[in-house]
Structure formats: structure tokens, C-alpha cells
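Here is how the chains run, residue by residue.
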Amino acid sequence: MSGRILFLGGNGMIGSAAAREAVAQGAELTIITRSAPRRPVPDGVRLLTGDVRDPAALAGLLGDERWDAVVNWVAFTPADLDGHVEYFGDRTGQYVFISTCSVFGRPIPLLPITESSPRRQPVFGYARDKIACELLLEQAHRESGFPLTIVRPFHTYDETTVPLLSGWTAVERMRAGEPVVVHGDGTSLWTLMHSADFARAFVPLLGEGHAIGESVNVVSGDVLTWDQIHLELARAAGVREPLLVHRSSESIAEEIPGWREVLEHDFRHTMLFDTTKLQRLVPGFAPRVSFAEGARRVVRHHDAHDGARGVDAELGAAFDRLSARVAAEPDRSQVV
């Protein structure tokens, strides 16, 4: 797109990918970050430093500038949106709130998930707060015409990120012939999207009048079981027959308490999405990076950067204990 775009935050993984895509498509992009960017900023981007959660600071930085689209990447609670409706209401043609598909209640009552699937998350704090943000902004759209678009990514990754809770530790254990624990029986379905594909789907939504007042799930059609995700990473790492051991989410949480919330209220559930609305708003969009290719990129990057190949010894010990419990319980499944 060509136009004046403002990113509030957006120097993380998917924001950086979106910035590159926006600039490549001719946008005049300004990014405001609170500290020095963690990732490279594309040439030609206007970079400002300030607290986007402070309306007075925003006014001092931007004055009465006007934008075709403003994208808020860093609002996680309603307090983070204080003053935004008033300040941006007549200064932008579109205000894009980056939410998450984790807002949808688990278990999903009807698959596939659409933008109108029920939102409910009483436990998982990150998603619960995103729902509250959505509701606040939707009320502003209904009452005053605030030009809102809600965009919901799901599980997005790039070469710097191993899309497993166990991270690179799992890859190293597979290479060493050591067991890696997978929650459930490994057959629940999950959706992954490379950040470059997210950016190609997302940027055309900026300045798109048909997206005003809409929520859009920006997700891939690349659907995999959790076993398949592990197996693709193993193949990329040169391992033909990784040892995958299955345990219930509850059993894993006993050994790794920090995983309890995300496993019990997120990863354990099958997540399939209907992409009809995305296809209607971005005609012809199709992901280009399969997970097989994405896994190869992940492994190449980590193999090339010593600092990226961290291994969590405590996590490895927990996997060993869980595997020993499987061996002691013959009615539990162990898959090679």
C-alpha cells in the first residue's frame, strides 16, 4: 500500500516483518518505540522514541499529524489504550488493534474458528486482557464511529524462534537421541504461520475501508499435529527417528509448573481456522512458507548462531523424569 502509516511499537518479530513489507509496498512509515529497536529498521522509516501508552507524550511527538492507518502492537490491557480513542479518533482513517486468536474460548464449541466464534478466557491472563481491549475499542466504534480494525494473529514464528514451549532444548535432545515430551497424544491440530506470510496478509489490510469495524483472523492454512511439528523440526535437524514421548498436559504441568496455564488453556486444544474473511479482504493471499521450509530456516539460523542454541538443563531433567514415568506405566503411549 502507499500511505502514511504509524506503528505504535512494532519492533518485535511480526511487527518487524510487517514494517519491511509495508516499506516494500511503498508506505511512508513512522515507528514509535520506547527504547532502541531490538531488530533492524528498514531504510526510509522515520523512527521516534516515546511512550505510546502516554497520550501527552504522543501529542508531543506527533502534534496534529494525520495518518491513513495507525497500528497498535503494544496494547495488552485497557489501561494501555487510555486516551487513544480521543487522540486518534479524527487523526487516522483506521486504527488497527493487534489482538490474538487466543481470545477464543477453549474448548472451541464449533470448528473451524471464525471471527464470530465465542470469546472467553477466564484464566489465561494475556488473552483475557486482550478481550477487554477489544471490547473497549468496539464500544468506541459503535458509539462514536472510531475507525477500528481488530487483527488477530495466532502462533507466528520466524527463523529466530523454535515454535515449541521447549525451544531449542527439544532439537538438541532429538539430535542426541534423548526423549522429547509432547503433550496429549500428539494428534491435536495446531496452526503455525511464518512472520513473512503474516506480513503479506496484514499489510494489505492497512487503509482498507472494508476492514473498518471488522475483526480479522490473520492465520495460515498450514495445519499440523503437534507430532508433525516436532517431526518437521527433527528432519530439519537431520534426525530421522526422534523419540517422542506423550504425557497428559496435567502430568507435564506437575513437573514443569510454568507450563500449566498455556498447556491447559491453549496448546492442548485443536485450533482450526476459517480464513474466508481474510481471503475476501486480501484476494489471492496464500502462504508461501510451509512449515517444512520454516523448520529448515529455524535450524539453519540456530546452527549458525552459537548464542541461539541455549539448552535448559532443568527442562531436560523434567523430560527425563516424565519419560521414566511413561516407561513405568505400560498403558501409556510411547511413539518412536
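Everything here concerns the structure above.
(A) Region of interest: the sheet that holds strand β10 (residues 215-218). Strand order across the open sheet formed by 7 strands is β3-β2-β1-β4-β5-β6-β10, with parallel pairing between neighbours. Both outer strands of the open sheet, β3 (46-49) and β10, are each paired with one neighbouring strand and no more. With strand direction ignored, the average angle separating the axes of adjacent strands in the sheet is 20°. In terms of strand pairing, strand β4 (residues 69-72) meets strand β5 (residues 95-98) through 3 bridges, oriented parallel. Bridging from a neighbouring strand, Asn72 pairs with Phe97 of β5. This element, helix α6 (residues 195-202), spans β4, β5, β6 (148-153) and β10 of the sheet and lies at about 160° to β6.

(B) Representation of helix α4 (residues 125-144). An ideal rise of 1.5 Å per residue puts 28 Å on 20 residues; α4 measures up with 29 Å between its terminal C-alpha atoms. Burial in α4 covers these residues: Gly125, Ala127, Lys130, Ile131, Cys133, Glu134, Leu137, Glu138 and Ala140. Lining the buried residues of α4 we find α3 (84-88), β5, β6 and α9 (260-267). The first or second residue beyond α4 is Gly145, which carries a positive phi of 80°.

(C) A look at the packing of helix α1 (residues 13-24) against α6. At a closest axis distance of 8 Å, the pairing of α1 and α6 adopts a crossing angle of 55°. Classified by the angle between their axes, α1 and α6 sit oblique to one another. As α1 runs across α6, the sense of the crossing is right-handed. On the side of α1, the interface is formed by Met13, Ile14, Ala17, Ala18 and Glu21, while α6 contributes Ser195, Ala196, Phe198, Ala199, Arg200 and Phe202. Here the residues of the contact of α1 with α6 are counted per class, giving 8 nonpolar, 1 polar and 2 charged.

(D) Broad picture of the nonpolar core. In this structure, Phe7, Trp73, Phe88 and Phe202 are the most contacted members of the largest nonpolar core, which totals 54 residues. Per-element accounting of this core gives the leading share, 5 residues, to α1. Ignoring sequence-local partners within four residues, the contact set of Phe88 consists of Leu6, Leu8, Leu58, Leu62, Val70, Tyr95 and Phe146. Core analysis: the second largest hydrophobic core is formed by 47 residues, Val103, Ile108, Ala234 and Phe319 among them.

(E) Structural context of empty space enclosed by the protein. In this structure the tally under the stated criterion is 1 cavity of 30 Å³ or more. There is about 120 Å³ of room inside the largest cavity. Taken together, Leu164, Leu165, Ser166, Val181, Val182, His183, Trp226, His230, Ile252, Trp259, Leu263 and Phe267 form the lining of the largest cavity. Put simply, the parts of the chain that give the lining of the largest cavity at least two residues each are β8 (180-183), α7 (226-236) and α9. Here the lining of the largest cavity gets 3 residues from one element, more than from any other, and that element is β8. Of the residues belonging to the lining of the largest cavity, the class tally is 9 nonpolar, 3 polar and no charged.

(F) Local environment of α6. Burial of α6 is extensive: 7 of the 8 residues sit out of reach of the surface. Among all positions in α6, only Ser195, Asp197, Phe198, Ala199, Arg200, Ala201 and Phe202 are buried.

Calculation rules
- Residues numbered from 1 in each chain as written.
- Predicted model: local features only at pLDDT ≥ 70, side-chain atom pairs only at ≥ 80, totals over all residues.
- Heavy atoms only, no water.
- Pairing = 2+ DSSP bridges.
- Helix = DSSP H or I, 4+ residues; strand = E, 2+ residues; numbered from the N terminus.
- Axes fitted to C-alpha atoms, helices over the stretch in contact; angles between N-to-C directions.
- Contact = heavy atoms within 4.5 Å.
- Expected span 1.5 Å × (residues − 1).
- Buried < 20%, exposed > 50% of the residue type's maximum accessible area, 1.4 Å probe, protein only.
- Parallel < 35°, antiparallel > 145°, perpendicular 65-115°, else oblique.
- Left-handed = near helix turned anticlockwise from the far one by under 90°.
- Nonpolar A, V, L, I, M, F, W, Y, C, P; charged D, E, K, R; others polar.
- Core = buried A, V, L, I, M, F, W, Y, C linked by side-chain atoms within 4.5 Å.
- 1 Å grid on protein atoms, 1.4 Å probe; cavity = no way out; pocket = protein on both sides within 12 Å on 5 of 7 lines; lining within 4 Å.
- Points joined across faces, edges and corners; volume = space filled by probe spheres on them.

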